[in-house]
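These are the residues of each chain, in order.
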Protein chains: 2
Amino acid sequence: MNIGFIGLGNLGLPIAENILKKRAQLFVYNRTQSKAQPLADKGALVCNNVRELSERCDVVFSIVSDDTALDDITLGKNGIVENLKAGGVHVSISTILPATATRLTAKHKERNSHYLAAPVMGRPEAARAEKLNFLVAGEPPAIAIVKPLLKDAGGAAVWEFGNDAAAANVAKLCTNFLIVSAIEGMAEGINLAKKSGVDPHTWMNMVTQTLFAAPVYINYGNILLKETFQPAGFALKLGLKDVNLVMEQSRKVAAQMPIGELMRERLSACVANGMGDYDWTAVALTLK
Amino acid sequence: MNIGFIGLGNLGLPIAENILKKRAQLFVYNRTQSKAQPLADKGALVCNNVRELSERCDVVFSIVSDDTALDDITLGKNGIVENLKAGGVHVSISTILPATATRLTAKHKERNSHYLAAPVMGRPEAARAEKLNFLVAGEPPAIAIVKPLLKDAGGAAVWEFGNDAAAANVAKLCTNFLIVSAIEGMAEGINLAKKSGVDPHTWMNMVTQTLFAAPVYINYGNILLKETFQPAGFALKLGLKDVNLVMEQSRKVAAQMPIGELMRERLSACVANGMGDYDWTAVALTLK
């Protein structure tokens, strides 16, 4: 089985490295070709374009920046759909709209290949530590093929959301929304504690050892308390991109999200003020 | 050392029972005297009024509904301050404004007695399981006297916030705010998942085993998924009371709290619609 990997960004690179380590062989492609060099040095086979990679592989992973970039590599004469062999599987890790997953699933089906949604939870350091969580949905035979590969890719766990690929993307959007609302909650609580003359470390120390003893509160709480907003673990502009997807989905299904709307406004204002490259916890800086 | 306990409501009663169990003797008082009967049956000494209880005790616990009720039992000719002996300690468990703690500390000081803030995290079932968390602040000698008693009262842990009694109340308000923002976050995420055709149990199962593996998300998530909004574990009208205190404090110290303001509005609308006696997770019912 030949495996391919498209998109060697901050998160794509360590995930691809994990696969290469376990499988010894990996076909890779990145638009900016220099980013493939670290993998080439470790023995990965660098392809010249998406078409070449798709022709040579049975399973193609992709992790690109947004819905448009995913369409670009997937559709058209030189895209994955047109060039992947029958029975091949396209595993899409990107955080995108559920409707995009549905649309691309149909396109692959027309060519007798498979689209699998496999959005991921975890920052680059979690990828390097092989502690990622993959959310997966799509046709069961494709899941059966890909599940062991997701573990090779650094997945500590693979969470299944059924036959409909879009479901994994819905779950991912819900999760990112829950994270951003937790960040804002902590930021407001820390601000209130500080301005009231209470050491916010003492307060956060208590909550993260009791009711909120969870990674999101421990890790993001730490960033908020230390105010280490640069370099970004997850850039605020990407956070806004995800919240925009959340709100687009919420409009589509007519689901009210007052905190979602609030966070869309707050993150938009941050980006407008030049904070797009800060970590998304930097939304705290705008609380007076 | 004689110990007294004022306020035998849903939470006060099991806390008082814990102390009685460990200490064999306890003086108790409740405005509605029938509520003292279960404790009297177990050997507690029922006092006729606050004055009598204060005269007979070295340490007086109080847990009453709000700042006004606390003022009522603490101040005036028949209150705790006037009747507690010099060196006595008033341990106030209620969730109140930090400024009230500061004011009552001064009143006690005038009579050479001590006021200790000891707000508590935990529902009645946590009290019965002796898994409460007490937040404590005040003069160190008073803390030294009271700390073992808080463990007797069912405190699995006692978290110290320094010499200034108000600090424990600030930390408690910050914590209740963090809880209500987590509830709203989950409610919005569950609503989005449902309306998008994704089983919210599958989603919550994943998040509570990964990034949000914490009691608040597991316990309140469970209520939200089962929609068991009655009987209330913590009544929505009490949640609104606490959020009002949060917002009063935020105004006092000029700390912006956009989610706080949103939750004040949302909970107010629920109470106006007759949902005050539902569990505070029932705010989810108003999401269209």
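Our subject is the structure that appears above.
Here goes a summary of the coordinates provided.

1. Things to note about the nonpolar core
Judged by nonpolar contacts, the single largest core of 154 residues is most densely connected at A:Phe161, A:Trp203, A:Tyr217, B:Phe161, B:Trp203 and B:Tyr217. Apart from the residues within four sequence positions on either side, B:Trp203 is in contact with A:Phe161, A:Ala171, A:Cys174, A:Thr175, A:Leu178, B:Met186, B:Gly189 and B:Ile190.

2. Brief notes about the packing of aromatic side chains
Residues and elements named next belong to chain A. Considering all chains together, one arrives at nine aromatic pairs over all chains under this definition. Seen from their ring centres, tyrosine 220 and tryptophan 280 are 6.2 Å apart, and the 70 degrees between their planes marks the pair as edge-to-face. Here the residue tyrosine 220 occupies a position in helix 11 (residues 215–226), and tryptophan 280 occupies one in the segment after helix 13 (258–272), the gap between them amounting to 60 residues. For the pair tyrosine 220 and tryptophan 280, one class covers both residues: buried.

3. Focus on the sheet that holds strand 2 (residues 27–29) of chain B
Residues and elements named next belong to chain B. Strand order in the open sheet formed by six strands is 3-2-1-4-5-6, with parallel pairing between adjacent strands. Pairing within the sheet leaves two strands with one partner each, and these edge strands are strand 3 (45–46) and strand 6 (114–117). Strand direction decides the pairing type here: strand 4 (residues 59–62) and strand 5 (residues 89–92), joined by four bridges, are parallel. Of the residues in strand 5, the one forming a bridge with serine 62 is serine 92. Here helix 1 (residues 12–23) sits on the sheet in contact with strand 1 (3–6) and strand 4, set at roughly 165 degrees to strand 1.

4. Let's talk about the side chain of A:Asp152
All names here are of chain A. Summarising the element assignment, aspartate 152 is placed in helix 8 (residues 140–152). The exposure class of aspartate 152 is buried, given its relative accessible area of 14%. Apart from the residues lying within four places of it in its own chain, the contact partners of aspartate 152 are Asn18, Ile19, Lys22 and Arg23.

5. Quick look at helix 1 (residues 12–23) of chain A
Residues and elements named next belong to chain A. The first and last C-alpha atoms of helix 1 sit 16 Å apart over 12 residues, in line with the 16 Å expected at 1.5 Å per residue. Taken residue by residue, helix 1 has Gly12, Pro14, Ile15, Ala16, Asn18, Ile19 and Leu20 as its buried positions. Downstream of helix 1 by a residue or two, alanine 24 has a phi angle that is positive, lying close to 70 degrees.

6. Remarks on the interface of chain A and chain B
Contact residues are listed per partner, giving 57 residues for chain A and 57 residues for chain B. Counting each side, the surface lost to burial between chain A and chain B is near 4900 Å², with a carbon and sulfur contribution of 77%. Considering only the surface of chain A that becomes buried against chain B, A:Leu178, A:Leu192 and A:Leu211 emerge as the three largest contributors, covering 14% of it. Our count for the chain A to chain B interface comes out at zero salt bridges. Connecting chain A to chain B are 17 residue pairs in polar contact (both at pLDDT 80 or more). Elements represented by at least two residues in the side of chain A that touches chain B include exactly strand 8 (132–136), strand 9 (155–160), helix 9 (165–195), helix 10 (200–207), helix 11, helix 12 (236–252) and helix 13 of chain A.

7. Concerning the pairing of strand 5 (residues 89–92) of chain A
Residue and element names in this part refer to chain A. Of the two faces of strand 5, the one lined by Val89 and Val91 and the one lined by His90 and Ser92 are each fully buried. Across four bridges, the pairing between strand 5 and strand 6 (residues 114–117) is parallel. The partner of valine 89 across the bridge, within strand 6, is histidine 114. Each parallel crossover has a hand, and the one from strand 5 via helix 6 (residues 98–110) to strand 6 is right-handed.

8. Comments concerning the environment of B:Leu70
All names here are of chain B. Considering the arrangement of structural elements, one finds leucine 70 in helix 4 (residues 67–74). Taking the relative accessible area as the measure of exposure, leucine 70 reaches 0% and is therefore buried. Note: C-alpha distance between leucine 70 and glycine 87 (17 residues apart in sequence) is 20 Å. Once residues lying within four places of it in the same chain are set aside, the contact partners of leucine 70 are Ser62, Val64, His90, Ser92, Ile96, Thr100, Leu104 and Tyr115.

9. Regarding the environment of B:Asn205
Residue and element names in this part refer to chain B. Checked against the element boundaries, asparagine 205 lands in helix 10 (residues 200–207). Of the residues examined, asparagine 205 reaches a relative accessible area of 38% and is grouped as partly exposed. Each C-alpha atom, one on asparagine 205 and one on glycine 76, is 53 Å from the other, the two residues being 129 residues apart in sequence. Within the structure, asparagine 205 has its side chain in polar contact with the side chain of glutamine 209 (distance 2.7 Å).

10. A few points about the pattern of salt bridges
Between side chains of opposite charge, a pair can form when the charged atoms approach closely. For the coordinates displayed, the defined rule picks out 32 salt bridges over all chains. Measuring nitrogen to oxygen at the nearest pair gives 3.6 Å for the salt bridge that ties B:Glu82 to B:Arg111. With B:Glu82 in helix 5 (residues 80–83) and B:Arg111 in the loop between helix 6 (98–110) and strand 6, this residue pair connects regions lying 29 residues apart in the sequence. For B:Glu82, a relative accessible area of 37% puts it in the partly exposed group. For B:Arg111, a relative accessible area of 39% corresponds to the partly exposed category. Taken together, the shared-partner salt bridges connect A:Lys21, A:Lys22 and A:Glu130 into one network.

11. Section: the relation of the copies chain A and chain B
Rotating chain A by 180 degrees and moving it 0.0 Å along the rotation axis overlays it on chain B with an RMSD of 0.0 Å. Given the turn and translation reported, the copies of this chain are related as if by a two-fold rotation axis. Residue A:Ala214 of chain A places its C-alpha closer to the rotation axis than any other residue of that unit, at 2.5 Å. Residue by residue, 100% of the interface of chain A is reproduced at the interface of chain B, so both copies engage with the same surface.

What counts as what
Residues numbered from 1 in each chain as written. Chains lettered and ligands numbered in written order. Predicted model: local features only at pLDDT ≥ 70, side-chain atom pairs only at ≥ 80, totals over all residues. Heavy atoms only, no water. Core = buried A, V, L, I, M, F, W, Y, C linked by side-chain atoms within 4.5 Å. Buried < 20%, exposed > 50% of the residue type's maximum accessible area, 1.4 Å probe, protein only. Contact = heavy atoms within 4.5 Å. Phe/Tyr/Trp six-rings, centres within 6.5 Å; stacked < 30°, edge-to-face > 60°. Helix = DSSP H or I, 4+ residues; strand = E, 2+ residues; numbered from the N terminus. Pairing = 2+ DSSP bridges. Axes fitted to C-alpha atoms, helices over the stretch in contact; angles between N-to-C directions. Expected span 1.5 Å × (residues − 1). Buried area = accessible area lost by both parts, 1.4 Å probe. Salt bridge = Lys/Arg side-chain N within 4 Å of Asp/Glu carboxyl O. Polar contact = N/O pair within 3.5 Å; in protein donor to acceptor, adjacent residues only side chain to side chain. Right-handed = clockwise from strand over helix to strand, strands pointing away. Least-squares fit on C-alpha atoms with pLDDT ≥ 70 in both.

Interpretation in functional terms is not warranted from these geometric data alone.
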